There are 2 protein chains.
Amino acid sequence: MSGEEGLVSVGSRPLSDYVLSVVILFNQGVKRVILKGRGVNISKTIAVYNAVKDRLGDAIKLENIEIGSEYLNKKRVSYIRIVLSR
Amino acid sequence: MSGEEGLVSVGSRPLSDYVLSVVILFNQGVKRVILKGRGVNISKTIAVYNAVKDRLGDAIKLENIEIGSEYLNKKRVSYIRIVLSR
């Protein structure tokens with residue numbers, strides 16, 4: 001896969017899975033990776049960002065952070081969207 | 001209390017406590033309120049922001065969001081800092 005943008009949705013898998021997904025996307029030439037997490041996974045989403053930042057350092061840039069809420073199965077949940085670029 | 005900036009640290013109390021704290025600070029004339037949450041409380045911090053936004057709407061502005069990690073009792077924890085202004 002290659003292209004402009006990749007999305008990594010952070011869920012219940014181990015943190016390292018998501019870190020690896022982000023690193024692989026960037027290595028494949030994707031210019032921008034969006035990390036998204038909802039509800040209880042928001043903390044993990046930020047932990048993924050921190051771990052990616054540790055590994056890739058200045059090679060990636062934190063482009064934007066968006067927070068808000070959305071409806072999922074009629075329940076309102078908070079989310080975070082972290083946009084990374086290189 | 002009145003002044004330029006107020007800090008609300010989101011912890012284990014009910015969400016509505018923190019929403020009320022933010023609303024009271026703004027009503028007291030504080031120009032900027034910082035919502036801060038760590039680890040598992042990050043999701044709740046964003047939920048507080050959403051609830052405040054519901055109540056105060058365009059009267060407040062989302063000025064900045066910062067994410068990162070810090071050491072607390074020798075353990076690394078993620079945090080979020082949401083800066084609201086009016």
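Rules used throughout
- Residues numbered from 1 in each chain as written.
- Chains lettered and ligands numbered in written order.
- Predicted model: local features only at pLDDT ≥ 70, side-chain atom pairs only at ≥ 80, totals over all residues.
- Heavy atoms only, no water.
- Helix = DSSP H or I, 4+ residues; strand = E, 2+ residues; numbered from the N terminus.
- Rg over C-alpha atoms; globule rule 2.2 N^0.38 Å.
- Buried < 20%, exposed > 50% of the residue type's maximum accessible area, 1.4 Å probe, protein only.
- Contact = heavy atoms within 4.5 Å.
- Areas by Shrake-Rupley, 256 points an atom, 1.4 Å probe, with all protein chains shown as cover.
- Lys, Arg positive; Asp, Glu negative; His and termini not counted.
- Charge placed at Lys NZ, Arg CZ, Asp CG, Glu CD.
- Pairing = 2+ DSSP bridges.
- Least-squares fit on C-alpha atoms with pLDDT ≥ 70 in both.
- Axes fitted to C-alpha atoms, helices over the stretch in contact; angles between N-to-C directions.
- Phe/Tyr/Trp six-rings, centres within 6.5 Å; stacked < 30°, edge-to-face > 60°.
- Lys NZ or Arg CZ within 6 Å of the ring centre and 35° of its normal.

In this structure, what is going on with the overall build of chain A? I would like to understand it.
Along the backbone of chain A there are two helices and four strands. The order of α-helices and β-strands along chain A, N terminus first, is β-α-β-α-β-β. For chain A, whose C-alpha radius of gyration is 13 Å, the value lies close to the compact-globule estimate of 12 Å for 86 residues. Here the C-alpha coordinates of chain A stretch approximately 40 × 25 × 20 Å along the principal axes. Going through the 86 residues of chain A one by one, you find that 49% of them count as buried. When contacts within chain A are restricted to residue pairs at least 6 apart in sequence, long-range pairs at least 24 apart make up 67% of them. Of the roughly 4700 Å² of accessible surface on chain A, a fraction of 49% belongs to carbon and sulfur atoms. If the 14 positive side-chain charges of chain A are averaged to one point and the 8 negative ones to another, these points end up 6 Å apart.

Would you explain the pairing of strand E4 (residues 75-85) of chain A in this entry?
Every regular strand shows the same layout, with side chains that alternate between the two sheet faces. Residues and elements named next belong to chain A. Most of E4 is tucked away, with eight of its 11 residues classed as buried. Here strand E3 (residues 61-72) pairs with E4 via 11 bridges, running antiparallel. Bridge pairing links Ser69 to Ser78 in E4.

Even after reading the chapter, I still don't get the relation of the copies chain B and chain A, so can you show me in this structure?
Turning one copy of the chain about an axis and sliding it along that axis gives the other copy, so a rotation and a shift relate them. With an axial shift of 0.0 Å and an RMSD of 0.0 Å, the rotation relating chain B to chain A amounts to 180°. This pairing of chains is accounted for by a two-fold axis. Mapped onto chain A, 100% of the interface residues of chain B again fall at the interface, so both copies present the same surface.

Looking at this structure, how should I read the sheet that holds E3(A)?
Backbone-to-backbone hydrogen bonds pair the strands of a sheet. The strands run either parallel or antiparallel. Residues and elements named next belong to chain A. In space, the four strands of this open sheet follow the order E1-E2-E4-E3, with mixed pairing throughout. Each edge of the open sheet is held by one strand with a lone partner, namely strand E1 (5-10) and E3. Averaged over all neighbouring strand pairs, the angle between strand axes comes to 20°, with direction disregarded. Helix H1 (residues 15-27) contacts E1, strand E2 (32-38) and E4 of the sheet and is inclined by roughly 180° relative to E1. Relative to the sheet, helix H2 (residues 42-56) contacts E1, E2, E3 and E4, its axis offset from that of E4 by approximately 10°.

Could you clarify how one ought to interpret unusual backbone geometry in this entry?
Note: most peptide bonds trans; most residues except glycine with negative phi. At A:Lys74, a position not held by glycine, the phi torsion is positive, near 65°. With respect to the secondary-structure elements, A:Lys74 resides in the loop between E3 and E4. Look at B:Asn73: it is not a glycine, yet its phi comes out positive at around 50°. Considering the arrangement of structural elements, one finds B:Asn73 in the loop between strand E3 (61-72) and strand E4 (75-85).

Is there a simple way to think about the packing of aromatic side chains in this case?
By convention here, two paired aromatic rings are described through the distance between centres and the angle between planes. Evaluation of the coordinates by the stated rule reveals zero aromatic pairs over all chains. Between the NZ or CZ atom of A:Lys36 and the centre of the ring of A:Tyr79, over which it lies, the distance is 4.9 Å.

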